[in-house]
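Read off the chains here:
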Amino acid sequence: MTTARVHSFESFGSVDGPGIRFVVFLQGCKMRCLYCHNPDTWKIDAGQEKTVEQIIKQALRYRPYWGKDGGVTCSGGEPLLQMEFMIEFFKALKQEGVHTTIDTGGAPFTREEPFISQFNELMKYTDLVMLDLKHIDNEKHKELTHFENTNILDCARYLSETGKDMWVRHVLVPEYTDNDQWLHQLHDFIATLSNVKRIEVLPYHAFGAFKWDEMGIPYKLKDTQTPSEEREENAKKILGVQSFLEYEKSMAAARS
Ligand code: SF4
């Protein structure tokens, strides 16, 4: 029986994909983002062990609240580190007609085997990928996450080539990502993709800092402020957030 290492659940998630969603936060992440809200998800062998059946049963209890847009999201941690579980879980959810979303940092992505075959299998049962593009510049990305961005950008390209719906998420961090040059470069990269349905700019907050303290890990961004509304608007403007929202609205109007 396939099991997952789970950090926690959110029964009424409203910021992790379309509509109201049941969110499964999985254990395990190899990135070390300086602003991570959940450093307690990093260890893959921590958390609770749950079977696919247990999680499906728990999720489906909330189905009446999902409406036509909601469903289930797997976030983390990094869901792509638990592929066997993800495939079985999403396959079962699709059999139930549930909308499925993955919120991923993309770090495990490679076009090499055995990963790519598993990824392709998972994509058969995945309606939407929310991909965090944390920095467009590789050196800066390494500074921010301790990880390269080359395979993550390739993940975005691959999802575009294969026509998988994708939302891009970008955390705006003063001195790291809140810089017009980087934002324009990110915009230019996104403009090469044909599958992006939405861009979300998430202003940096030190919400997870207390967890770093509890875990005895120095929090490097302790003096970093949340960006101003002006800077947030500036980033949204450069990345063209509004045009995606208008497109979404026009598609919704056409459907109704
Ligand atoms: S990818 Fe997500 S879970 Fe992993 S370190 Fe970064 S913010 Fe934390």
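Residues numbered from 1 in each chain as written. Predicted model: local features only at pLDDT ≥ 70, side-chain atom pairs only at ≥ 80, totals over all residues. Heavy atoms only, no water.

1. As for the packing of helix 2 (residues 83-95) against helix 3 (residues 115-124)
For step 1, the next point in the chain: Two elements in contact, helix 2 and helix 3, have axes whose closest approach is 9 Å; the angle formed by their N-to-C orientations is 20 degrees. The pairing of helix 2 with helix 3 is recorded here as roughly parallel in orientation. At the point where helix 2 passes helix 3, the crossing takes the left-handed sense. On helix 3, the residues that touch Met 83, Met 86, Ile 87 and Phe 90 of helix 2 are Phe 115, Gln 118, Phe 119, Glu 121 and Leu 122.
For step 2, the next point in the chain: Here the contact of helix 2 with helix 3 is built from residues that sort into seven nonpolar, one polar and one charged. (Axes fitted to C-alpha atoms, helices over the stretch in contact; angles between N-to-C directions. Helix = DSSP H or I, 4+ residues; strand = E, 2+ residues; numbered from the N terminus. Parallel < 35°, antiparallel > 145°, perpendicular 65-115°, else oblique. Left-handed = near helix turned anticlockwise from the far one by under 90°. Contact = heavy atoms within 4.5 Å. Nonpolar A, V, L, I, M, F, W, Y, C, P; charged D, E, K, R; others polar.)

2. Quick look at the pairing of strand 7 (residues 166-172)
For step 1, the next point in the chain: Extensive coverage of strand 7 is indicated by the burial of seven of its seven residues.
For step 2, the next point in the chain: Neither face of strand 7 is open: one carries Met 166, Val 168, His 170 and Leu 172, the other Trp 167, Arg 169 and Val 171, and all of them are buried.
For step 3, the next point in the chain: One ladder, built from four bridges, connects strand 6 (residues 128-132) with strand 7; its direction is parallel. Residue Leu 131 lies in a different strand from strand 7, and its bridge partner there is Val 168.
For step 4, the next point in the chain: In this sheet, strand 8 (residues 196-203) lies alongside strand 7 in parallel orientation, the contact comprising seven bridges. Pairing of Val 171 across the sheet is with Leu 202, part of strand 8.
For step 5, the next point in the chain: Read as a crossover between parallel neighbours, the route from strand 7 over helix 6 (residues 180-191) to strand 8 is right-handed. (Buried < 20%, exposed > 50% of the residue type's maximum accessible area, 1.4 Å probe, protein only. Pairing = 2+ DSSP bridges. Right-handed = clockwise from strand over helix to strand, strands pointing away.)

3. Here we look at the packing of helix 6 against helix 8 (residues 229-239)
For step 1, the next point in the chain: It is the contact of helix 6 with helix 8, at a shortest axis distance of 8 Å, that shows an interaxial angle of 30 degrees. For the element pair helix 6 / helix 8, the angle class is roughly parallel. Once helix 6 is placed against helix 8, the crossing between them reads as right-handed. Contacts between helix 6 and helix 8 involve Asp 180, Leu 183, His 184, Leu 186 and His 187 from the first element and Arg 231, Asn 234, Ala 235, Ile 238 and Leu 239 from the second.
For step 2, the next point in the chain: Grouping the amino acids of the contact of helix 6 with helix 8 by side-chain chemistry returns five nonpolar, three polar and two charged.

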